[in-house]
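Chain by chain, the residues run as shown.
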Amino acid sequence: MAGLCNENLIYNNLINGQWTESASGDVITITSPADGSFVGKIQAISKEEVDDIVRYSKAGQSQWATVPIYEKAAILYKAAALLEERTEEISDILMMEIAKDKKSSVSEVKRTVDFLRFTADAGKSLEGIAVSGENFPGGSRNKMSYIKRIPLGTVLAISPFNYPINLSASKIAPALMGGNAVILKPATQGAISALHLVKALQDAGLPAGVMQTVTGKGSEIGDYIVTHQGIDFINFTGSTEVGRHISQISCMTPLLLELGGKDAALVLEDADLEYAADNIVEGAFSYSGQRCTAVKRIITTDKVADQLVTMLKSRIEKLSVGDPRKSAVVTPLIDQKAADFAVFLTQDALDKGAELIVGNKREGNLIYPTLLDKVTVDMEIAWKEPFSPILPIIRVKNMDEAVEIANRSEYGLQSSVFTKDINKAFLIAEKLEVGTVQINNKTERGPDHFPFLGVKASGMGTQGVRYSIEAMTRPKAVTINVTH
């Protein structure tokens, strides 16, 4: 992959079709959360370089908008094929750069391959509509409006560390099919993986200026690029704190925000507890809980809590913990700060009377899977998003109280309801203030053509292949008046 990086693993940015070093010469060293080893270096670009990238983007987009949809789709198909060929190489980088286990790393790349192909298909199926004037009172069939979707312009895609391939592609591919140019600003930890995705898109034939990247320190260029007058849309995945900041300073730039969550699993007394336990453990602890859709709390009644705790404990104790290269499920957190926060939340709960069932062990930034029972609403873990392998159980008198506590959260991403009574499931689902309710399944993203959204502090706007294309385009009406 000539140009992407040199023999010293110093990675460049894709700027106007060329892999380019920063003029400043500043670089950021990326080390592995797994063992502290060197992964590579990325460029730290300047505000002046941001200006250049935005300017190139405008030129690239004006040309890209004229490319027929089937040709846009062909490039995505080819990028998917290239990504598929490079699955092993990229998954190995993911494994070391963000400490994601090998199986999940491979799965992320393959899911992205599918996403690119599906997005190309969806883009080809988007069609304009014709509306007759006679439908509205006083109108006439002599008036006809042809409505099509056109690109917004330059999309700034800001992706997170935990899914640097998939969540970059979920922004890039729909934007491209909509005729936009894209500037990708990946999280610093995860940037190397994301740059490999961009390389596949470039190798597939994406024209210069249509796809560019910005790596660097958020403290130096973050606010600058978000408020740049050349940015026409911001698609961000990350913390609620940063999302709020972006919404405050972006000043009328359209936003699509995927933020935090405190997803609750409500376990009813008639639920299949073995099935629920399997789902919850997978949902809470895969990739060490570093997912916005991870199960982050269980709410249930005393009638089933004791039995459920026993089932959860036996499953948690069987989880493999440690090095992602050894197929561990629970791996080191992204950094020491994340581990410190996990320890704080656990200790706060224990100090306030929570019962430790299993876990509460730390080795560096590796947090062992932890189950806390009898958590109460005055504990931080009841409300804060841990982004780590900590699962609290909150006991309630009935499901009305469970719904009330679930809804009291500032977040509203997803919830799960485990029950054999479909009527109860739907009644509870109607009351939960979240974007998605999973009935008899862990909270999770996808399939990727389903709508994915959060309410309250969990986000703004709707994702999902077709939804994302529509979010990054706008209707344009051309009205025809037939004269006699």
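Here is what the cut-offs are and how they apply
Residues numbered from 1 in each chain as written. Predicted model: local features only at pLDDT ≥ 70, side-chain atom pairs only at ≥ 80, totals over all residues. Heavy atoms only, no water. Helix = DSSP H or I, 4+ residues; strand = E, 2+ residues; numbered from the N terminus. Rg over C-alpha atoms; globule rule 2.2 N^0.38 Å. Buried < 20%, exposed > 50% of the residue type's maximum accessible area, 1.4 Å probe, protein only. Contact = heavy atoms within 4.5 Å. Areas by Shrake-Rupley, 256 points an atom, 1.4 Å probe, with all protein chains shown as cover. Axes fitted to C-alpha atoms, helices over the stretch in contact; angles between N-to-C directions. Parallel < 35°, antiparallel > 145°, perpendicular 65-115°, else oblique. Left-handed = near helix turned anticlockwise from the far one by under 90°. Nonpolar A, V, L, I, M, F, W, Y, C, P; charged D, E, K, R; others polar. Polar contact = N/O pair within 3.5 Å; in protein donor to acceptor, adjacent residues only side chain to side chain. Salt bridge = Lys/Arg side-chain N within 4 Å of Asp/Glu carboxyl O. Pairing = 2+ DSSP bridges. Core = buried A, V, L, I, M, F, W, Y, C linked by side-chain atoms within 4.5 Å. Phe/Tyr/Trp six-rings, centres within 6.5 Å; stacked < 30°, edge-to-face > 60°. Expected span 1.5 Å × (residues − 1).

(A) Region of the structure containing the overall build of the chain. Helix and strand counts for the chain stand at 14 helices and 27 strands. Against the compact-globule benchmark of 23 Å for 484 residues, the chain has a radius of gyration of 24 Å, which places it among compact chains. If one aligns the C-alpha atoms of the chain with their principal axes, the spans along those axes are about 75 × 70 × 40 Å. The burial tally for the chain puts 56% of its 484 residues in the buried class. When contacts within the chain are restricted to residue pairs at least 6 apart in sequence, long-range pairs at least 24 apart make up 71% of them. Of the roughly 19900 Å² of accessible surface on the chain, 52% is carried by carbon and sulfur atoms.

(B) Highlighting the packing of helix α3 (residues 87–98) against helix α4 (residues 102–125). One can describe the packing of α3 onto α4 by two numbers: an axis separation of 8 Å at closest approach and a directional angle of 125°. When the axis of α3 is compared with that of α4, the two are oblique. Where α3 crosses over α4, the two elements pack in a sense that is right-handed. When α3 is examined against α4, the residues T87, E88, I90, S91, D92, L94 and M95 are found in contact with a partner set consisting of K102, S105, V106, E108, V109 and K110. The residue makeup of the contact of α3 with α4, split by class, is five nonpolar, three polar and five charged.

(C) Region of interest: the side chain of N407. Positionally, N407 belongs in helix α12 (residues 399–408). We classify N407 as buried; its relative accessible area is 14%. Only 2.9 Å separates the side chain of N407 from the backbone oxygen of K431, close enough to count as a polar contact.

(D) Summary view of the pattern of salt bridges. This model, assessed by the stated rule, comprises 33 salt bridges. When the shortest N-O distance is used, the salt bridge between D52 and R55 registers 3.0 Å. Here R55 and D52 lie together in helix α1 (residues 47–64), a separation of three residues that amounts to about one turn. Three or more residues are tied together by salt bridges with common partners; here these are D302, D306, D373 and R395.

(E) Representation of the sheet that holds strand β10 (residues 211–213) in the model. Spatial strand order, β10-β9-β8-β11-β12-β25: six strands in an open sheet with mixed pairing. Among the strands making up the open sheet, the edge pair consists of β10 and β25 (459–460). Across six bridges, strand β8 (residues 154–159) lies against strand β9 (residues 181–186) in parallel orientation. Opposite A157, over in β9, you have L184 as the bridge partner.

(F) Spatial organisation of the nonpolar core. Counting 89 residues, the largest nonpolar core has L176, L201, L266 and I299 as its most contacted members. Sorting elements by how many residues they give to this core places helix α6 (residues 191–203) first, with eight residues. If near-sequence neighbours (up to four positions away) are discounted, I299 is found in contact with A264, A265, L266, V267, I394, V396, M399, A402, I405 and A406. Core analysis: the next-biggest nonpolar cluster, separate from the first, contains 26 residues, A265, A276, A284 and I298 among them.

(G) Just the sheet that holds strand β22 (residues 436–439), in detail. Read from one edge to the other, the open sheet built from seven strands follows the order β15-β18-β19-β14-β13-β21-β22, with strand pairing classed as mixed. Looking at strand neighbours, the two that pair on one side only are β15 (355–358) and β22, the edges of this open sheet. If you compare each strand with its neighbour and ignore which way they point, the axes differ by 20° on average. Here strand β13 (residues 264–267) runs beside strand β14 (residues 297–301); their pairing, made up of four bridges, is parallel. When the bridges of β14 are listed, L266 appears paired with I299. Sheet strands in contact with helix α11 (residues 336–351) are β15, β18 (370–375) and β19 (390–396), and its direction is about 35° off that of β18.

(H) Local environment of the packing of α4 against helix α5 (residues 166–177). As a packed pair, α4 and α5 sit with axes 9 Å apart at the nearest point and diverge in direction by 15°. By the criterion of interaxial angle, the relationship of α4 to α5 is roughly parallel. By crossing handedness, the relation of α4 to α5 is classed as right-handed. Two secondary-structure elements touch here, α4 through E108, R111, T112, F115, L116, T119, A120, G123 and K124 and α5 through N166, A169, S170, A173, P174 and M177.

(I) Region of interest: the packing of aromatic side chains. Scanning the entire structure with this criterion turns up three aromatic pairs. A ring pair is formed by Y275 and F418, whose centres lie 6.5 Å apart and whose planes are at 65°; its orientation type is edge-to-face. Of this pair, Y275 sits in helix α9 (residues 273–285) while F418 sits in strand β21 (residues 414–418), and the two are 143 residues apart along the sequence. Overall, the relative accessible area of 37% leaves Y275 in the partly exposed class.

(J) Looking closely at the environment of P324. Along the polypeptide, P324 turns up in the loop between α10 (302–316) and α11. In this structure P324 comes out as buried when scored by relative accessible area, which is 0%. Sequence separation of P324 and K100 is 224 residues, and the distance between their C-alpha atoms is 5.9 Å.

(K) Fine view of α5. Relative to the 16 Å expected for twelve residues at 1.5 Å per residue, α5 spans 16 Å between its end C-alpha atoms, a close match to the ideal helical length. In terms of burial, α5 is a largely internal element, twelve of the twelve residues being buried. Buried residues of α5: N166, L167, S168, A169, S170, K171, I172, A173, P174, A175, L176 and M177, and no others. Positive backbone phi, approximately 95°, marks G179, located one or two places after α5.

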